[in-house]
Amino acid sequence: MKDIFKERSMFRLVKNLQKDGTALNGREKIRDFQRKLYRKAKQEPEFRFYCLYDKVRSIRFLAEAYRRVKASQGAPGVDGITFKQIETDGLHNFLWKIQEELENKTYKPQPVKRVYIPKANGALRPLGIPTIRDRVVQMSCKLVIEPIFEADFDNASYGFRPKRAASDAIKEIRERLKEGKTQVLDADLSKYFDSIPHTKLLKLVSQRISDRNVLHLIKLWLKSPVTEEGKISGGRRNRIGTPQGGVISPLLANIYLNLLDRLVRNHPVFKDVEIIRYADDFVLTGKDIGDEILSALRRLFERMGLSLNEEKTRLIQAKQEAFDFLGFTFHYRRSAYKKDELYLSIHPSKKSFQKLVENIRTELVLYRNRSSEDTVKMLNLKLRGWLNYFVIEGVSYTGVTRLKLQMYMRGRLYRHQKRKSQRYRTAYCQRTFRRWVEKYGLIEPETYGRTDTVKA
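Thresholds, definitions, all that
Residues numbered from 1 in each chain as written. Predicted model: local features only at pLDDT ≥ 70, side-chain atom pairs only at ≥ 80, totals over all residues. Heavy atoms only, no water. Phe/Tyr/Trp six-rings, centres within 6.5 Å; stacked < 30°, edge-to-face > 60°. Buried < 20%, exposed > 50% of the residue type's maximum accessible area, 1.4 Å probe, protein only. Helix = DSSP H or I, 4+ residues; strand = E, 2+ residues; numbered from the N terminus. 1 Å grid on protein atoms, 1.4 Å probe; cavity = no way out; pocket = protein on both sides within 12 Å on 5 of 7 lines; lining within 4 Å. Points joined across faces, edges and corners; volume = space filled by probe spheres on them. Nonpolar A, V, L, I, M, F, W, Y, C, P; charged D, E, K, R; others polar. Expected span 1.5 Å × (residues − 1). Bend = angle between axes of the 7 residues up to and from the residue. Axes fitted to C-alpha atoms, helices over the stretch in contact; angles between N-to-C directions. Parallel < 35°, antiparallel > 145°, perpendicular 65-115°, else oblique. Left-handed = near helix turned anticlockwise from the far one by under 90°. Contact = heavy atoms within 4.5 Å. Pairing = 2+ DSSP bridges. Salt bridge = Lys/Arg side-chain N within 4 Å of Asp/Glu carboxyl O.

Asks: Hey, could you run me through the packing of aromatic side chains in this one?
Replies: The geometry of an aromatic ring pair comes down to the distance between the two centres and the angle between the two planes. The full count for this structure, using the stated rule, is 13 aromatic pairs. With a centroid separation of 4.9 Å and 85 degrees between ring planes, the pair formed by F47 and F49 is classed as edge-to-face. Since its relative accessible area comes to 24%, F47 is described here as partly exposed. Judged by its relative accessible area of 4%, F49 falls in the buried class. Both rings, one in F328 and one in Y389, keep their centres 5.7 Å apart while their planes meet at 35 degrees; by these two values the pair is tilted. One end of the pair, F328, is in strand β10 (residues 328–334); the other, Y389, is in helix α15 (residues 372–390), with 61 residues separating them in the sequence. According to the relative accessible area criterion, F328 is buried, its value standing at 0%. For Y389, a relative accessible area of 32% corresponds to the partly exposed category. In textbook terms, an aromatic cluster arises when at least three aromatic residues are bridged by ring pairs, as seen for F328, W386, Y389 and F390.

Asks: Would you take a moment to explain empty space enclosed by the protein for this structure?
Replies: Where empty space is left can be seen by rolling a probe of water-molecule size over the atoms. The final tally for this structure, using the stated rule, is 2 cavities of 30 Å³ or more. Taken as a whole, the largest cavity holds about 90 Å³ of empty space. Lining the largest cavity are 15 residues, with V112, Q138, W221, S224 and P243 sitting closest to its centre. The set of elements that each furnish at least two residues to the lining of the largest cavity consists of α7 (132–150), α11 (212–222) and α12 (249–266). When its residues are assigned to classes, the lining of the largest cavity shows 8 nonpolar, 6 polar and 1 charged. Taken as a whole, the second largest cavity holds about 40 Å³ of empty space. Element by element, the count of residues in the lining of the second largest cavity is highest for strand β2 (residues 124–129), at 3 residues.

Asks: How should I be thinking about α12 in this particular structure?
Replies: Between its first and last C-alpha, α12 extends 26 Å over 18 residues, near the 26 Å set by a 1.5 Å rise per residue. Taking the largest bend as the criterion, α12 deviates by roughly 35 degrees, centred on L257. Most of α12 sits inside the fold, with 14 of its 18 residues counted as buried.

Asks: Please explain the packing of helix α4 (residues 59–72) against α7 as it appears in this structure.
Replies: Packed helices, taken two at a time, are described by the angle their axes make and the gap between the axes. Viewed as axis vectors pointing N to C, α4 and α7 meet at an angle of 115 degrees, and their least axial separation amounts to 8 Å. The orientation of α4 relative to α7 falls into the category roughly perpendicular. Classified by chirality, the crossing of α7 by α4 is right-handed. Taking contact as the criterion, the partners of F61, L62, E64, A65, Y66, R68 and V69 in α4 are, on α7, R135, V136, M139, S140, L143 and V144. Tallied by class, the residues present in the contact of α4 with α7 amount to 9 nonpolar, 1 polar and 3 charged.

Asks: Looking at this structure, how should I read the sheet that holds strand β6 (residues 274–278)?
Replies: Pairing between sheet strands relies on hydrogen bonds along the backbone, with the strands arranged either parallel or antiparallel. Ordered in space as β6-β7-β3-β8, the 4 strands form an open sheet in which the pairing is antiparallel. Taken across any chain shown, the strands that pair with only one partner, and hence form the sheet edges, are β6 and β8 (314–317). Taking the axes of each pair of neighbouring strands and ignoring which way they run, one obtains an average angle of 20 degrees across the sheet. As paired strands, strand β3 (residues 183–188) and β8 are joined by 4 bridges and run antiparallel to one another. Bridge pairing in β8 places L185 opposite L315.

Asks: I would appreciate a short explanation of the pattern of salt bridges in the present structure.
Replies: Any two side chains of opposite charge can pair if their charged atoms end up close together. Under the counting rule described, the total for this entry stands at 26 salt bridges. Here R133 ties to D134 by a salt bridge, and the two come within 3.1 Å at their closest N and O atoms. Each member of the pair, R133 as well as D134, is classed as buried.

Asks: Honestly, the pairing of strand β7 (residues 281–286) in this entry has me stumped. Any pointers?
Replies: Regular strands show a simple pattern: their side chains alternate between the two faces of the sheet. Counting buried positions along β7 gives 5 out of 6 residues, so the element sits mostly inside the fold. Where β3 and β7 come together, 6 bridges link them in antiparallel fashion. Within β7, the position partnered with A187 by the bridge is F282. Sheet analysis places β6 next to β7, joined by 5 bridges and oriented antiparallel. Its bridge partner being in β7, I276 is matched across the sheet by V283. Taking the residues between adjacent antiparallel strands as the criterion, β6 and β7 are bridged by 2 residues, where A279 takes a positive phi near 60 degrees.

Just distances and angles here, no functional claims.
Next comes the structure, spelled out in structure tokens:
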């Protein structure tokens, strides 16, 4: 009788989930619970939380976790099961099985599917893709434990955190430079996600969470085997690393690097030095960053089992040399009217621009036999995402880059239309960009968004 009641309750909840994402009342209850956790963690920094597992395995949290995982529309894992298949077979059955496994403590994550994505420098970045089932459980766990650690995280951290974005980190760097902290240590950690020691990470997590079942789940995900081209590696013997691509991996990465944020904030050697961190990329800004600061960082990373990427780490004077961070270039330039006055220009980096145009060129080849409407939808998706990221009102100067992008689009669409059919006249092909703007609503990069030059 109890199982029948649970199944009916789950069916009703899943029905609401499929109608409007999830019941608004249910989402509000989850937010209330998260707020309570956050306030408790903020008020009592030494408190260790227990009895969290019942929330992780509750159908309300699992349903909300599924909604969020589906919203990201990720690829299927090693089992090949897609969201469409799950909903065809019955979403309530899918969530019911997960809940039963968690209740009976028979849940075991499946191997992580490893794929490689190209980086800007031509190298390949390993990406681990868990199955949708494992992503749902990870998301449910994240919904429960994230507010606890959010209360502990330093304000200097911006990556993979709620209500924070790369634009906030860019604004923070701008403010520090305006304060005169123009000596910059542009740093990067070498293979950070693949180097996190499990024992030390779990010790940090256990300082806040005493629920053994939640800790066991995290350990299972850290020890998940990796499958690549039919070969399985890792597993129980694995002692380091958390796969990039896992839902909970960014949170665990921030928990571990919070040690760095605390050191810079509290250690006397970092007096008058500020850190701005986005995941494993960070910069230090100050008026005098000496060798002792670099030595202190290296000693800390050695104790943490990490290492600086010496090729990407450099100490520069921002007023004399440009530097890149999160796809932006920070560059001081002289005024055209006052030669002795410097202005700070923040604009998209050359690498970011080149990556966009290469992506557009590749996609246009694939869309050569598609309709103009479909091609414009694809282009608008890419242009809107890129411009929304780089156009930060009152901060970024993108006028030159947007004009350059618009000129590129004119030339690229002319060549695209010309190669599509030799019957088109040259004059017709040359007007492709303007015609698509007027007829199909193609975004004009030159007029999209707002720009501003920031005075130093």
